[in-house]
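# Examination of the molecular architecture
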Amino acid sequence: MYPVESVQALLNGTFVLAKVHLEEGAALAKRFNVTWTPALLFLDGSETVHHRILPGSLPVDDFVPAIKVGLGKGQFDAQKYDAAIQTFQGVIDAHARSLAVPEALYWRGVCFYKKGDKAKLVESWKSISANHPGSFWAKAITFLG
Amino acid sequence: MGQVNWKATYDAALAEARSSGKPLFVDFFHPA
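Quick summary incoming for the structure in this document. This is a predicted model, so every value here is computed, not measured.

In this section: helix H3 (residues 60-77) of chain A. All names here are of chain A. Here H3 spans 26 Å end to end across 18 residues, near enough to the 26 Å set by a 1.5 Å rise per residue. Extensive coverage of H3 is indicated by the burial of 14 of its 18 residues. Gln-79, located one to two residues past H3, shows a positive phi value of around 65°.

Structure (structure tokens):
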């Protein structure tokens, strides 16, 4: 399904996979408001969409951590904060140079906040400002000062 | 090659996600 072994291994080990042709699967695409490809959706068994990667045509060094962020978002939405923190930490540790790190830091911080640790939220978010100042996520937390 | 039944493909994956508790990764594609 995916030519790169690391991608295939991550997906097979973590998710149930479904590949759908945009036009031939138009009813499904319409249901999930997918109008362009590649569009990668992260759902749960209730068909709730927890994350999207669009366009999904990233180079593998960004694609793998982006998938992990999607996994973490699903865990966060399910209030599995410890698992989500571990997933986001995995992105930060293993993919330090990827575009996904600022988002992983953001959501890791929110997970800590949800667990009652505001100090760790601030620590995570300050790391975004310090190390990824030009990122979307740095702009999203400028109120932090 | 026969027409792929995309709904059946998706439904099978959804059923597996429900029974296993694994998240579902759906890749919408369109050949260039």
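On we go from here.
Here we take up the pairing of strand S1 (residues 24-29) of chain B. Sheet analysis places strand S1 (residues 16-21) of chain A next to S1 of chain B, joined by six bridges and oriented parallel. Paired with Val-16 of chain A across the strands is Leu-24 of chain B, a residue of S1 of chain B.

Time to look at unusual backbone geometry. All names here are of chain A. For the bond from Thr-37 to Pro-38, the omega torsion is -5°, close enough to zero to count as cis. Omega for the peptide link from Leu-54 to Pro-55 comes to 0°, which places this bond in the cis form. For Glu-47, which is not glycine, the phi dihedral falls at a positive 65°. Judged by local crowding, Glu-47 falls into the partly exposed class, with 15 C-beta atoms found within 10 Å.

For the rest of this paragraph, the subject is the pairing of strand S3 (residues 49-53) of chain A. Residue and element names in this part refer to chain A. Two elements, strand S2 (residues 39-43) and S3, share four bridges in a ladder whose sense is antiparallel. Looking across to S3, one finds that Leu-43 is bridged to Val-49. Counting the residues that bridge the hairpin from S2 to S3 gives five residues, and of these Glu-47 lies at a positive phi of roughly 65°.

Facing 20 residues of chain B, the contacting portion of chain A comprises 28 residues. Elements that contribute at least two residues to the side of chain B that touches chain A include exactly helix H1 (6-20) and S1 of chain B. The greatest single-element share of the side of chain B that touches chain A, amounting to 10 residues, is contributed by H1 of chain B. Split into classes, the residues belonging to the side of chain B that touches chain A amount to 12 nonpolar, three polar and five charged. By the bridge criterion, five bridges tie S2 of chain A to S1 of chain B in an arrangement that is antiparallel. Residue pairing in the sheet places Phe-42 of chain A in a bridge with Phe-25 of chain B of S1 of chain B.

In this section: the packing of helix H4 (residues 81-94) of chain A against helix H5 (residues 101-114) of chain A. All names here are of chain A. Running from N to C, H4 and H5 cross one another at 155°; their axes reach a closest spacing of 9 Å. Taken together, H4 and H5 sit at an angle that is classed as roughly antiparallel. Here the hand of the crossing between H4 and H5 comes out left-handed. Facing Tyr-81, Ala-84, Ile-85, Phe-88, Gln-89, Val-91 and Ile-92 of H4, the residues of H5 in contact are Val-101, Ala-104, Leu-105, Trp-107, Arg-108, Cys-111, Phe-112 and Lys-114.

Let's shift gears to the environment of Ala-119 of chain A. Residue and element names in this part refer to chain A. Of note, Ala-119 is situated in helix H6 (residues 118-131). Residue classification places Ala-119 among the exposed positions, given that 9 C-beta atoms sit within 10 Å. Note: C-alpha distance between Ala-119 and Tyr-2 (117 residues apart in sequence) is 40 Å.

Procedures and definitions
Residues numbered from 1 in each chain as written. Chains lettered and ligands numbered in written order. Predicted model: local features only at pLDDT ≥ 70, side-chain atom pairs only at ≥ 80, totals over all residues. Helix = DSSP H or I, 4+ residues; strand = E, 2+ residues; numbered from the N terminus. Expected span 1.5 Å × (residues − 1). Buried ≥ 20, exposed ≤ 12 C-beta atoms within 10 Å, placed from the backbone. Pairing = 2+ DSSP bridges. Contact = placed C-beta atoms within 7 Å. Nonpolar A, V, L, I, M, F, W, Y, C, P; charged D, E, K, R; others polar. Axes fitted to C-alpha atoms, helices over the stretch in contact; angles between N-to-C directions. Parallel < 35°, antiparallel > 145°, perpendicular 65-115°, else oblique. Left-handed = near helix turned anticlockwise from the far one by under 90°.

Read these as spatial facts, not as claims about activity.
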